[in-house]
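Overview (structure and organization)
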Amino acid sequence: MAIPVLMPKQGQSVESCLIIKWNKKVGDKVKAEEPICEVETDKAVFEVEAPEAGTILKIFYREGDDVPVLNTIAIIGQPEEKINHLIPKKTVSVSKEEYVESQKAITPDESPKKTRPSSGAGLIHVSPVARRFAEKKGIDFSQLIGSGPGGRIIKKDIEKALSEGEPLIPSTVSKNFFGPVKEIPVEGVRKIISERMLTSLQSTAQLTLNTSVDASNLLACRKSLKSSPRMKGLSKININDFLLYIVANVLPKFKNINAHFFKDKILEFEHVHLGFAVDSPRGLMVPIIHNAHLLSLEEISQEARRLSTACQEETILPDELNGGTFTVTNLGTMGIESFTPILNVPQVAILGICSISLKPVIKDNEIKFIPNIGLSLTFDHRAVDGAPAAKFLQELNIVIANFDLTHIKLQ
């Protein structure tokens, strides 16, 4: 009996998945639990398996389609079996011939967006007014699709391209001017990241406060753990682990910082679910250390390493990337002295960790160079005012400057 293959639900917050690769095509036989396609969420890549053995009778979506979860993406059954009752009413149906055709490589000259309206002699049809307007603006209209009779390019087409920011190459520039160019489509995770970053900036009132704090004690504690035989099990703990631990233990005192903002309400959280940015092969990912405020220094270090490795190896689970209440992002290891982190909405704040550098300070009536670590706190001014945000940074400074292994939970 024919059965539908549904787009699986990956985690509680995933609403749709992007089909990135079909492993099978219409007419192919499959075994039960055999991967038939690969799909991508904004978090990770997964395989969709055949629910039972049979033949692929129908495929409803192409590679690159963003499909809502629990939608039918294919039908598996026996050849010649009736499947009309399983075909969803709203879908982009793809026949076998269409699917095979969609797999063929399209060269730039074959792309519909690059089609040149032309006569049999290959000339571009453009009105005299449009040509003069294009020359005045210094642009090359040869890549535009005309909306005039017979595909003729008219002035309106030039104006539309300019208003939409069409990347037109000036006509005075040689085609070989740029040299070799690699075109990378903005899709998948890159597209999702770009959309979320833009949405974050457009939908929030972001403000960043920068400070620095004496890191002498942090460095001394790191050295102590690394060299002490008694602390052998903690030798892998690094400065970032210290800071994650400190943030997790300071946040419960500032519930207005450990919060989410929505248009008509603010949610303040008792527990700290701490996200931290990871540069993975698939782009920026933010795994979550759940209930970080309850963990020891060693437990936070181990969990951070486990989640970071899972991001790098692309084995991270959707639920391990959801539910954060506050985020930490560290660019200090790359020598960044100050930056402006972008909010991970709906969170109301994100802390940037900067590099450790020597800073001149007056101590005991003389100038001394003290290692200082930079901190950059971005917050949503709709939810948090400047003074409370500054007080949170001030508390972090006090704890970091006076950090002492004898007063914390190591294991």
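Residues numbered from 1 in each chain as written. Predicted model: local features only at pLDDT ≥ 70, side-chain atom pairs only at ≥ 80, totals over all residues. Heavy atoms only, no water.

Further remarks concern the packing of helix H5 (residues 216–227) against helix H6 (residues 239–250). It is the contact of H5 with H6, at a shortest axis distance of 10 Å, that shows an interaxial angle of 120°. Along this stretch, H5 crosses H6, giving a crossing that reads as right-handed. Here Leu218, Leu219, Cys221, Arg222 and Leu225 of H5 lie close against H6, whose contacting residues are Ile239, Phe242, Leu243 and Ile246. Taken together, the residues of the contact of H5 with H6 break down into eight nonpolar, no polar and one charged. (Axes fitted to C-alpha atoms, helices over the stretch in contact; angles between N-to-C directions. Helix = DSSP H or I, 4+ residues; strand = E, 2+ residues; numbered from the N terminus. Left-handed = near helix turned anticlockwise from the far one by under 90°. Contact = heavy atoms within 4.5 Å. Nonpolar A, V, L, I, M, F, W, Y, C, P; charged D, E, K, R; others polar.)

This paragraph deals with the confidence of the model for the protein chain. The predicted coordinates ought not to be read in detail in places where the model reports low pLDDT. Confidence in the prediction for the protein chain averages 83 pLDDT; 83% of positions are at 70 or higher. Under a pLDDT of 50 for its full length, residues 92–122 has, in the predicted model, 42 contacts with residues more than four places off or in other chains. (pLDDT = per-residue confidence, 0-100.)

A separate point is a nonpolar patch on the surface. The grouping of Leu358, Ile362, Ile367 and Phe369 at the surface amounts to a nonpolar patch, some 510 Å² of accessible area in total. Elements supplying a minimum of two residues to the nonpolar patch: strand E17 (349–363) and strand E18 (366–380). Looking at where isoleucine 367 falls in the secondary structure, it is placed in strand E18. (Patch = residues over 30% accessible without salt bridge, like charges linked within 9 Å, V, L, I, M, F, W, Y side chains within 5 Å. Areas by Shrake-Rupley, 256 points an atom, 1.4 Å probe, with all protein chains shown as cover. Salt bridge = Lys/Arg side-chain N within 4 Å of Asp/Glu carboxyl O.)

Looking now at the packing of aromatic side chains. Within the structure shown, the criterion is met by three aromatic pairs. With a centroid separation of 5.8 Å and 70° between ring planes, the pair formed by phenylalanine 326 and phenylalanine 392 is classed as edge-to-face. Of the two residues, phenylalanine 326 is situated in strand E16 (residues 326–330) and phenylalanine 392 in helix H8 (residues 386–401); the sequence distance between them amounts to 66 residues. Both residues of the pair, phenylalanine 326 and phenylalanine 392, belong to the buried class. An aromatic cluster is defined as three or more aromatic residues linked by ring pairs; in this entry it consists of Phe254, Phe326 and Phe392. (Phe/Tyr/Trp six-rings, centres within 6.5 Å; stacked < 30°, edge-to-face > 60°. Buried < 20%, exposed > 50% of the residue type's maximum accessible area, 1.4 Å probe, protein only.)

Taken in spatial order, the four strands of this open sheet run E5-E4-E2-E7, and their pairing is antiparallel. The open sheet is flanked by strand E5 (45–49) and strand E7 (66–68), the only strands paired with a single partner. Sheet twist, expressed as the mean angle between neighbouring strand axes with direction ignored, is 45°. (Pairing = 2+ DSSP bridges.)

Below, the discussion takes up the pattern of salt bridges. Scanning the entire structure with this criterion turns up nine salt bridges. Put simply, lysine 253 and glutamate 395 hold a salt bridge, and the shortest N to O gap is 3.4 Å. One end of the pair, lysine 253, is in the loop between H6 and strand E10 (259–262); the other, glutamate 395, is in helix H8, with 142 residues separating them in the sequence. Among the residues examined, lysine 253 registers a relative accessible area of 57% and is labelled exposed. The salt bridge involving glutamate 320 is made with arginine 306; its shortest N-O contact spans 3.0 Å. Of the two residues, glutamate 320 sits in the loop between helix H7 (297–312) and E16 while arginine 306 sits in helix H7, which places them 14 residues apart along the sequence. One salt-bridge network, held together by shared partners, links Glu303, Arg306 and Glu320.

On to the sheet that holds strand E1 (residues 3–6), then. Taken together, four strands build an open sheet; the order of strands is E1-E8-E6-E3 and the sheet is antiparallel. With partners counted over all chains shown, the strands left at the sheet margins are E1 and strand E3 (29–30), one partner each. Where E1 meets strand E8 (residues 72–77), four bridges bridge the pair, whose relative direction is antiparallel. Counted as the bridge partner of proline 4 is isoleucine 75 from E8.

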